[in-house]
2 protein chains.
Amino acid sequence: MKTISDIAKMAGVAKSTVSRYLNGGSVSETTKKKLENVIKETGYIPNTFAQSLKAKKPNIIGTIIPRLDSYATTQTLIGIDEELRKLNHQMLISNSSQDLEREIENMYEMARQKVAGIILLATQITNAHLEAFEKVDIPVLLVGQEHKGVYSIIHNDYDAAYDMGKYVLEKGHRRIAFLGVTEKDIAVGVKRKAGFKRAIQEVDGVNVRFYETTFKIDDAIAISSTIIDEFKPSVLVCATDNIALGAMKAAYLKGVRIPEELSITGFGGYEITEIIHPALTTAKFYYQDAGRMAAQSMIQLINYEEIEPLIFSKYKIIEKESVDNL
Amino acid sequence: MKTISDIAKMAGVAKSTVSRYLNGGSVSETTKKKLENVIKETGYIPNTFAQSLKAKKPNIIGTIIPRLDSYATTQTLIGIDEELRKLNHQMLISNSSQDLEREIENMYEMARQKVAGIILLATQITNAHLEAFEKVDIPVLLVGQEHKGVYSIIHNDYDAAYDMGKYVLEKGHRRIAFLGVTEKDIAVGVKRKAGFKRAIQEVDGVNVRFYETTFKIDDAIAISSTIIDEFKPSVLVCATDNIALGAMKAAYLKGVRIPEELSITGFGGYEITEIIHPALTTAKFYYQDAGRMAAQSMIQLINYEEIEPLIFSKYKIIEKESVDNL
DNA sequence: CTGAAAGCGCTTACAG
DNA sequence: CTGAAAGCGCTTACAG
């Protein structure tokens with residue numbers, strides 16, 4: 001691999017001249033031509049490490065994700081990536097495979113690589129996280145979860161769940177199962193349940209039961225099957241679209257018709273929910289938008305601009321065919 | 001931000017001693033303790049750029065992807081990421097958003113960032129690609145497409161399509177529509193069609209028509225609807241699972257029952273194909289495996305070991321409910 | 001075990 | 001417009 005010195009030597013000029021040429025400084029036409037040729041011939045590519053060592057502000061934003069095989073994650077990444085590119089910044093992705101320790105390690109690793117800031121698609125915030133936020137000494141922005149003292153962009157889980165609760169009640173459902181996830185996940189496990197609960201509490205005569213599962217479709221299939229047998233709800237409100245897909249599969253396997261015998265709802269608004277039949281009624285979150293907002297906010301943070309500590313991304317109840325009007 | 005000099009000064013030792021401590025060299029117990037404390041207090045994080053400038057072999061492998069919102073892509077990435085981690089290497093992802101020029105730029109950008117090698121989840125290989133492969137002067141490995149003179153890992157599209165063709169023929173189908181994609185995509189557009197065609201040619205009395213669509217579900221819905229009206233095939237062989245999902249949606253919208261009135265098959269083996277009903281018969285590709293193989297091959301390449309120029313990833317016809325036995 | 005020094009490949013004032 | 005020199009934050013022989 002050629003270095004700037006090689007190029008300088010070959011062109012018969014000083015390193016600094018090459019550097020100036022590369023960075024658009026003032027260079028005479030003749031040396032410009034010479035350099036152009038030498039660089040083309042050699043296929044010279046500057047070493048970013050050496051550049052960054054001297055350079056001004058780094059322009060790489062680190063994004064840490066819990067997993068890659070999730071619609072919400074990839075959509076958010078697309079939003080971040082596109083917006084950062086517009087703002088002349090680069091995105092570095094690091095996957096922690098749902099391992100909280102690895103997530104922490106990744107933060108330190110990124111700090112070492114001198115990213116300008118870190119966007120964390122968060123699931124849980126532990127003390128080790130808070131300590132890392134302090135130590136890395138660069139802006140950190142959470143997406144999907146909020147935490148006191150940390151800039152956060154969240155989906156409006158509570159309101160969305162409240163609206164979803166109201167919606168199924170309006171459709172006449174009174175025997176309702178809610179299939180949620182662990183409360184360690186504040187956004188999905190706590191907020192969606194709480195918003196839904198509040199809607200239920202505003203109405204009398206509702207028979208509601210709460211269940212818990214994981215984010216995995218297979219687990220959702222299994223427990224949904226049990227719920228259908230045990231409780232026979234008229235509607236099954238699922239905390240994510242994937243859980244809802246599992247519930248639909250369970251219903252199908254048991255020969256229970258949707259929505260005639262069982263209504264099902266989700267949260268997320270994954271593309272697939274519109275393609276399947278019956279299409280799924282769900283609370284759609286705008287992940288790409290949230291990603292774009294995250295990118296913008298991060299750029300503001302690294303420029304020392306003030307931003308809101310807590311930003312809500314919007315949502316919408318998408319009414320499809322999976323809920324029966326009783 | 002503290003540097004190694006600051007730490008050295010604070011601990012009253014030389015920079016080299018700090019460096020040795022950090023890299024597990026021999027350091028006395030006392031200075032070890034001292035350093036430990038100073039580093040903990042200051043939250044010192046070494047600058048990777050400076051490290052890499054000196055360092056031996058870089059351990060970052062660049063992966064360039066055409067898009068993020070694709071099951072095949074994310075699964076392949078997971079495989080690469082996991083395997084690289086095992087082999088003590090890091091993955092850097094760069095998304096080209098289906099823009100071939102950006103793909104090329106990303107290659108040069110990665111070379112500049114001194115990645116050890118580049119894994120390209122390829123769609124098309126142009127001359128500009130070949131030129132970039134030369135210039136970056138580091139190992140390049142294609143996944144999903146093959147090209148003479150370039151190390152490639154491909155799914156066995158041809159054989160899979162041949163098997164799929166045989167399968168639908170065995171099920172008694174003789175009025176067959178094949179819904180493919182542009183031939184610019186050698187793997188999906190050319191190979192899957194060619195393998196299928198060969199199977200068809202081995203049997204007499206088959207009425208087959210070939211159609212073309214994009215990778216987008218919406219386009220597949222539209223054209224499938226036309227195919228159903230115009231040609232009334234007994235089976236619609238789709239070049240990807242997403243296209244098949246679109247076809248299923250089209251059938252549903254028209255009230256055509258699957259598989260009784262129309263059989264449908266796909267390629268890919270996306271998770272969702274098992275969840276929907278009827279579950280989709282498809283040629284499953286093992287994307288995570290392919291990703292793992294890519295990671296292993298890349299590590300061999302950067303260590304100057306010999307590898308096969310063309311490696312096939314395996315596949316399997318997954319028989320589900322979407323094909324009728326006539 | 002420890003330190004002084006050279007060097008990795010760049011950039012950036014500073015002279016000329 | 002151009003070059004010599006210092007320096008970015010590390011690592012790595014080489015002495016001691």
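Residues numbered from 1 in each chain as written. Chains lettered and ligands numbered in written order. Predicted model: local features only at pLDDT ≥ 70, side-chain atom pairs only at ≥ 80, totals over all residues. Heavy atoms only, no water.

Turning our attention to unusual backbone geometry. Of all residues except glycine, most have a negative phi; of all peptide bonds, most are trans. Residue Pro-259 of chain B is bonded to the preceding Ile-258 of chain B through a cis peptide linkage, with omega at 5 degrees. Within the secondary structure layout, Pro-259 of chain B lies in the loop between helix 11 (241-254) and strand 9 (263-268). Cis geometry is found at the peptide bond from His-277 of chain B to Pro-278 of chain B, where omega equals -5 degrees. With respect to the helices, strands and loops of the structure, Pro-278 of chain B is situated in the loop between helix 12 (272-275) and strand 10 (281-285). For Ser-97 of chain A, which is not glycine, the phi dihedral falls at a positive 50 degrees. Looking at the secondary structure, you find Ser-97 of chain A in the loop between strand 2 (90-95) and helix 6 (100-112). Judged by its relative accessible area of 30%, Ser-97 of chain A falls in the partly exposed class. (Helix = DSSP H or I, 4+ residues; strand = E, 2+ residues; numbered from the N terminus. Buried < 20%, exposed > 50% of the residue type's maximum accessible area, 1.4 Å probe, protein only.)

Right, let's talk about the protein's contact with DNA strand C for a bit. With respect to spatial proximity, 24 residues lie near DNA strand C, and among them Ile-4, Lys-15 and Ser-19 of chain A together with Thr-17 and Ser-26 of chain B are the closest. Near-protein atoms of DNA strand C (within 4 Å) split between backbone and bases, with sugar and phosphate holding 60%. Between a phosphate oxygen of DNA strand C and a side-chain N or O atom of Gln-51 of chain A, the distance comes to 3.4 Å. Put simply, the parts of the chain that give the surface near DNA strand C at least two residues each are helix 2 (15-22) and helix 4 (48-54) of chain A together with helix 2 (15-22) and helix 4 (48-54) of chain B. (Near = heavy atom within 4 Å. Polar contact = N/O pair within 3.5 Å; in protein donor to acceptor, adjacent residues only side chain to side chain.)

On to the UniProt feature "domain: HTH cro/C1-type" (unreviewed entry) in chain A. Under the UniProt annotation, "domain: HTH cro/C1-type" (unreviewed entry) lies at residues 3-45 of chain A. For residues 3-45 of chain A, helix accounts for 70% and strand for 0%, while the C-alpha atoms at its two ends are 8 Å apart. (UniProt positions renumbered as here; feature names shortened; annotations may be inferred.)

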